[in-house]
Amino acid sequence: MKEEEIGLALADVRRRLAAAGVAEPALEARVLLQEALRLPAAMLLARLREPFPEAARARLAELIRRRVHREPLAYLIGQREFFGLELRVDSRVLIPRPETELLVELALHATARLRKTDKALHLVDVGTGSGAIAIALATRLPSDFVTAIDCSPAALAVAAENVRRHHVDERVAVVAGDLLAPLASSVDLIVANLPYIPSVEVERLQPEVRDHEPRLALDGGANGLHLYQRLIGQASACLDRPGALLFEIGAGQADAASQLARAAFPGAIIRRHRDLAGIERVIEIEARVHSN
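Residues numbered from 1 in each chain as written. Predicted model: local features only at pLDDT ≥ 70, side-chain atom pairs only at ≥ 80, totals over all residues. Heavy atoms only, no water.

1. Digging into helix α8 (residues 153–165)
Alright, step 1. Helix length check: α8 (13 residues) gives 18 Å between terminal C-alpha atoms against 18 Å at 1.5 Å per residue, within 8%.
Alright, step 2. Directly beyond the C-terminal end of α8, a positive phi value near 60 degrees is found at H167. (Helix = DSSP H or I, 4+ residues; strand = E, 2+ residues; numbered from the N terminus. Expected span 1.5 Å × (residues − 1).)

Here it is, written out as structure tokens:
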């Protein structure tokens, strides 16, 4: 064996990922080797001249095979960071995106506006998936309660695991149901990251998304806002006043989403928030006491 074998393996993985069309082959090659060798990044770089362990060859080969077939890196390593939290993810759930952190930040600001007393607020995360939003809110709002709802039992199993992992299971209830149907009483704040990609556009997505992430978590119907139309209508009946509803949308959907919000919440304050790329990404409805 050559002393540089780990370094040579790294170069070989990088070439194979690049040939398969992976966007960041150098970065992902390092991550795959770390996973196969079960080493942190600093230790990997320190061992590039060491022989590649025979016991890790099969693990690396399987990781390369899956990534070349464009299975998302997060599924291969089984986790994704979101809002400073390490979350378990696999093919049962949509991979949390960085732009969704904006939704969490805005929800935190909204709770500060709504909090008039020491009474705990009741928050709802609709379409919770991995539980990312619910857990991010619960870890930063230790006096409040979050109901995390999803229609997928498979996704809820992942969410429940993440809730336990981050020790918020006493304040986050993982509930199966269709949008807000499981709620038995009014709530203070609703956040949602529902499917918003128009059906015709799903097939044009990158292979990692189109072929591997749950279609149920992607397809938003003909105009992408089918579920939001239902959600906003339900929210008008179960949101306390004052209260707030915040939801993530796709590029070019802000006008239509705002119209839905205005129709269901006449008199409410409607805000449109841009993400770091300048895309109008979150619609916020601040429902006031006199908004009905």
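2. Notes on the side chain of E28
Alright, step 1. As for its placement among the helices and strands, E28 is situated in helix α2 (residues 25–37).
Alright, step 2. Using a relative accessible area of 10% as the deciding quantity, one classes E28 as buried. (Buried < 20%, exposed > 50% of the residue type's maximum accessible area, 1.4 Å probe, protein only.)

3. With respect to the pairing of strand β4 (residues 145–150)
Alright, step 1. Judged by how many residues are buried, β4 sits mostly within the fold: five of six residues are covered.
Alright, step 2. Handedness of the crossover joining strand β3 (residues 122–126) and β4 through helix α7 (residues 132–140): right-handed.
Alright, step 3. As defined by bridge partners, β4 adjoins strand β5 (residues 172–176) across five bridges and the pair is classed as parallel. Residue T147 lies in a different strand from β5, and its bridge partner there is A173.
Alright, step 4. Tracing the backbone out of β4, into α8 and back to the parallel element β5 gives a crossover that is right-handed. (Right-handed = clockwise from strand over helix to strand, strands pointing away. Pairing = 2+ DSSP bridges.)

4. Things to note about the sheet that holds β4
Hydrogen bonds between backbone groups are what pair the strands of a sheet, and the pairing can be parallel or antiparallel.
Alright, step 1. Read from one edge to the other, the open sheet built from seven strands follows the order β5-β4-β3-β6-β7-β9-β8, with strand pairing classed as mixed. Each having just a single partner strand, β5 and β8 (269–274) make up the two edges of the open sheet. The sheet shows a mean angle of 15 degrees between the axes of neighbouring strands, taken without regard to direction.
Alright, step 2. Lying on the sheet, helix α6 (residues 101–114) is in contact with β3, β6 (187–192), β7 (239–248), β8 and β9 (280–287); it crosses β7 at an angle near 170 degrees. (Axes fitted to C-alpha atoms, helices over the stretch in contact; angles between N-to-C directions. Contact = heavy atoms within 4.5 Å.)

5. Quick word on helix α11 (residues 226–238)
Alright, step 1. With 13 residues, α11 should reach 18 Å at 1.5 Å per residue; the first-to-last C-alpha distance of 19 Å fits that figure.
Alright, step 2. Of the surrounding secondary structure, the elements contacted by the buried residues of α11 are β3, β6, β7 and α12 (254–264).

6. Section: the nonpolar core
Generally speaking, soluble globular proteins have nonpolar side chains that are buried together.
Alright, step 1. I190, L245 and F247 are the most contacted members of the largest nonpolar core, which totals 35 residues.
Alright, step 2. For this core, the elements supplying multiple residues, two or more each, are β3, β6, α11, β7, α12 and β9.
Alright, step 3. Take this core: its biggest share by element is six residues, from α11.
Alright, step 4. Among all residues touching F247, those that are not within four sequence positions of it are L103, A192, Y228, I232, A257, R281, V282, I283 and I285.
Alright, step 5. L102, I133, I135 and L141 belong to the second largest nonpolar core, which has 31 residues in total. (Core = buried A, V, L, I, M, F, W, Y, C linked by side-chain atoms within 4.5 Å.)

7. What about the pattern of salt bridges?
Between side chains of opposite charge, a pair can form when the charged atoms approach closely.
Alright, step 1. Enumeration over the complete set of coordinates arrives at 24 salt bridges.
Alright, step 2. The shortest N-O distance in the salt bridge between D90 and R92 comes to 2.7 Å.
Alright, step 3. With a relative accessible area of 13%, D90 lands in the buried category.
Alright, step 4. Residue class for R92 comes out partly exposed when judged on its relative accessible area of 34%.
Alright, step 5. D144 is the salt-bridge partner of R115, the closest N and O atoms lying 2.5 Å from each other. Here R115, found in the loop between α6 and β3, pairs with D144, found in the loop between α7 and β4; they are 29 residues apart in sequence, far enough to count as distant.
Alright, step 6. Connected through salt bridges with shared partners, the residues E28, R67, R70 and E208 form a single ionic network. (Salt bridge = Lys/Arg side-chain N within 4 Å of Asp/Glu carboxyl O.)

8. Topic: the packing of aromatic side chains
For any two aromatic rings, the description comes down to two numbers: the centre-to-centre distance and the angle of the planes.
Alright, step 1. In total, this model carries two aromatic pairs according to the counting rule given.
Alright, step 2. Judged by centre distance (4.7 Å) and plane angle (35 degrees), the rings of Y228 and F247 are tilted. Of the two residues, Y228 sits in helix α11 while F247 sits in strand β7, which places them 19 residues apart along the sequence.
Alright, step 3. A relative accessible area of 0% places F247 in the buried class. (Phe/Tyr/Trp six-rings, centres within 6.5 Å; stacked < 30°, edge-to-face > 60°.)

9. Considering the packing of α2 against helix α4 (residues 57–68)
Alright, step 1. Taken N-terminus to C-terminus, the directions of α2 and α4 make an angle of 145 degrees; their axes are 9 Å apart at the nearest point. In terms of crossing hand, the pair formed by α2 and α4 is right-handed. Packed against α2, whose contacting residues are E28, L32, L33, E35 and A36, the element α4 presents R59, L60, L63 and R67 at the interface.
Alright, step 2. Across the contact of α2 with α4, the residue classes tally to five nonpolar, no polar and four charged. (Left-handed = near helix turned anticlockwise from the far one by under 90°. Nonpolar A, V, L, I, M, F, W, Y, C, P; charged D, E, K, R; others polar.)

10. Notes on the packing of α11 against α12
Packed helix pairs are specified by the crossing angle of their axes together with the interaxial distance, meaning the distance between the axes.
Alright, step 1. Here α11 crosses α12 at 25 degrees, and the two axes come no closer than 9 Å. By the angle between their directions, the pair α11 and α12 is classed as roughly parallel. Handedness of the crossing formed by α11 with α12: right-handed. Within the contact between the two elements, α11 uses Q229, I232 and S236 and α12 uses A257, L260, A261 and A264.
Alright, step 2. Across the contact of α11 with α12, the residue classes tally to five nonpolar, two polar and no charged. (Parallel < 35°, antiparallel > 145°, perpendicular 65-115°, else oblique.)

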